[in-house]
Protein chains: 2
Amino acid sequence: MELSERWFEDWTVGEVFDVPERHVMDGERMLAFAREFDPQRFHVDAEAARETIYGGLIASGWHTGSVLMKLLTTTLGPASLGSPGGQNLRWLAPVRAGDELRLRITVLDVKASTSKPDRGVLTCRHELCNQDGQVVMSFEPAMMTLRRPTGD
Amino acid sequence: MELSERWFEDWTVGEVFDVPERHVMDGERMLAFAREFDPQRFHVDAEAARETIYGGLIASGWHTGSVLMKLLTTTLGPASLGSPGGQNLRWLAPVRAGDELRLRITVLDVKASTSKPDRGVLTCRHELCNQDGQVVMSFEPAMMTLRRPTGD
């Protein structure tokens, strides 16, 4: 069963999935994103970035998070109701132009809603890794997920 | 003193700042961001979105976070070294086209680095509010911040 076809009751704590899709960071897109949302010198000014602790241009963490989301959406289907937020957002290593990113999903918790019988909350750890297998970002969001619709 | 001119030692726990800049969510930009990074039906399909729990199109949470970052960068100067991540990311209320967003910053913790004498870590609560005063997103990142350079 594809992840996108799953409903709330199809998830089990401890499952781990490697999402097949990859995303390669494009240098021009990185710059444009940073100019729009996060114009710090280490995101938008190649020369100034060389003098910082990063030694060169890196992606805005919000761009990296958006790419994580893009890869995640390849696994989401009609059961997904969005997220109220999450814990342990970590930007662990710089993301640079040309990096190839992939997503690993680990199911941390599966909890039925006490107030809404048609849904529950999955908590997952999302780890975004680069081509060297280094985790560059991780996040543990809660994800509101519908139960399988009954046939009546 | 402008926030962007502060160094690590200029921050005090409990301070609260209302950032003067505002950001109005543009409907076309919301759609384009969501098509690129988060093409869930409640972000990209106006008709399908009406049938969801959101009752219409809402911004991707990563777009909202990027706007929070944009407002935050108006307060950042040479002391800012970026963020290793944060806790308690909450998407509390839908963000829709036309919403006018502003940022409130509360200083939660100020901690000198034990390993790097030139810097410390600020932990702030960032609250993004809409035109009705409703908090639509909050996040508590750690922010690596340089001490004032010595004159020698």
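Residues numbered from 1 in each chain as written. Chains lettered and ligands numbered in written order. Predicted model: local features only at pLDDT ≥ 70, side-chain atom pairs only at ≥ 80, totals over all residues. Heavy atoms only, no water.

(A) Inspection of the overall build of chain A at higher detail. When helices and strands are counted, chain A shows four helices and six strands. Listed N to C, the secondary structure of chain A is β-β-α-α-α-α-β-β-β-β in terms of helices and strands. Across the 152 residues that make up chain A, the buried fraction comes to 49%. For chain A, the exposed surface amounts to about 7,100 Å²; the carbon and sulfur share of it is 49%. Side-chain charges of chain A comprise 17 positive and 22 negative groups, with the mean position of each set lying 4 Å from the other. (Helix = DSSP H or I, 4+ residues; strand = E, 2+ residues; numbered from the N terminus. Buried < 20%, exposed > 50% of the residue type's maximum accessible area, 1.4 Å probe, protein only. Areas by Shrake-Rupley, 256 points an atom, 1.4 Å probe, with all protein chains shown as cover. Lys, Arg positive; Asp, Glu negative; His and termini not counted. Charge placed at Lys NZ, Arg CZ, Asp CG, Glu CD.)

(B) Up close: the interface of chain A and chain B. Residue-level contacts link 38 residues of chain A with 38 residues of chain B. Summed over both sides, the interface of chain A with chain B buries roughly 3,200 Å², with 56% coming from carbon and sulfur. Seen at the junction of chain A and chain B, the total is two salt bridges. For A:Glu36, the salt bridge is made with B:Arg29, and the minimal N-O distance between the two is 2.6 Å. Residue assignment for the side of chain A that touches chain B shows that the elements contributing at least two residues are helix H1 (27-37), helix H2 (41-44), helix H4 (61-73), strand S3 (85-91) and strand S6 (135-146) of chain A. A class-by-class count of the residues in the side of chain A that touches chain B yields 18 nonpolar, 13 polar and seven charged. Where S3(A) meets strand S3 (residues 85-91) of chain B, four bridges bridge the pair, whose relative direction is antiparallel. Paired with A:Gly85 across the bridge in S3(B) is B:Arg90. (Contact = heavy atoms within 4.5 Å. Buried area = accessible area lost by both parts, 1.4 Å probe. Salt bridge = Lys/Arg side-chain N within 4 Å of Asp/Glu carboxyl O. Nonpolar A, V, L, I, M, F, W, Y, C, P; charged D, E, K, R; others polar. Pairing = 2+ DSSP bridges.)

(C) Up close: the state of the cysteines. Residues and elements named next belong to chain B. Across all of its chains, the model carries zero disulfides over all chains by this definition. Cys124 takes part in no disulfide bond, and the closest cysteine sulfur to it belongs to Cys129, at a distance of 15 Å. Classification of Cys124 by relative accessible area gives buried; the value is 1%. (Disulfide = S-S within 2.5 Å.)

(D) A look at H1(A). Residues A:Met30, A:Leu31, A:Phe33, A:Ala34 and A:Phe37 constitute the buried set of H1(A). Buried residues of H1(A) fall within an arc of 165° about the axis and therefore sit on the same side. Exposed and oriented more than 90 degrees from the buried face of H1(A) are A:Glu28 and A:Arg35. Next to the buried residues of H1(A) lie H2 and H4 of chain A together with helix H1 (27-37) and helix H4 (61-73) of chain B. Sitting at the amino-terminal end of H1(A) is A:Asp26, which places a side-chain oxygen 3.1 Å from the backbone nitrogen of A:Glu28. (Arc of directions from axis to C-beta. Polar contact = N/O pair within 3.5 Å; in protein donor to acceptor, adjacent residues only side chain to side chain.)

(E) Quick look at the nonpolar core. Core analysis: the biggest nonpolar cluster contains 63 residues, and A:Trp62, A:Leu89, A:Met137, B:Trp62, B:Leu89 and B:Met137 have the highest contact counts within it. Look past the residues within four positions of B:Leu89 in its chain and what remains in contact with it is A:Trp62, A:Pro84, A:Gly85, A:Gly86, A:Leu89, A:Phe139, B:Met137, B:Ser138 and B:Phe139. (Core = buried A, V, L, I, M, F, W, Y, C linked by side-chain atoms within 4.5 Å.)

(F) Expanded view of H4(A). Residue and element names in this part refer to chain A. Relative to the 18 Å expected for 13 residues at 1.5 Å per residue, H4 spans 18 Å between its end C-alpha atoms, a close match to the ideal helical length. The buried count for H4 comes to twelve of 13 residues, which makes it a mostly enclosed element. By the burial criterion, the buried members of H4 are Gly61, Trp62, His63, Thr64, Gly65, Ser66, Val67, Leu68, Met69, Leu71, Leu72 and Thr73. (Expected span 1.5 Å × (residues − 1).)

(G) Seen up close, the pattern of salt bridges. Residue and element names in this part refer to chain B. Scanning the entire structure with this criterion turns up 16 salt bridges over all chains. Across the pair Arg148 and Asp10 runs a salt bridge whose closest N-O atoms are separated by 2.8 Å. Placement of the pair is Arg148 in the segment after strand S6 (135-146) and Asp10 in the segment before strand S1 (16-18), with a sequence separation of 138 residues. With relative accessibility at 36%, the residue Arg148 sits in the partly exposed group.

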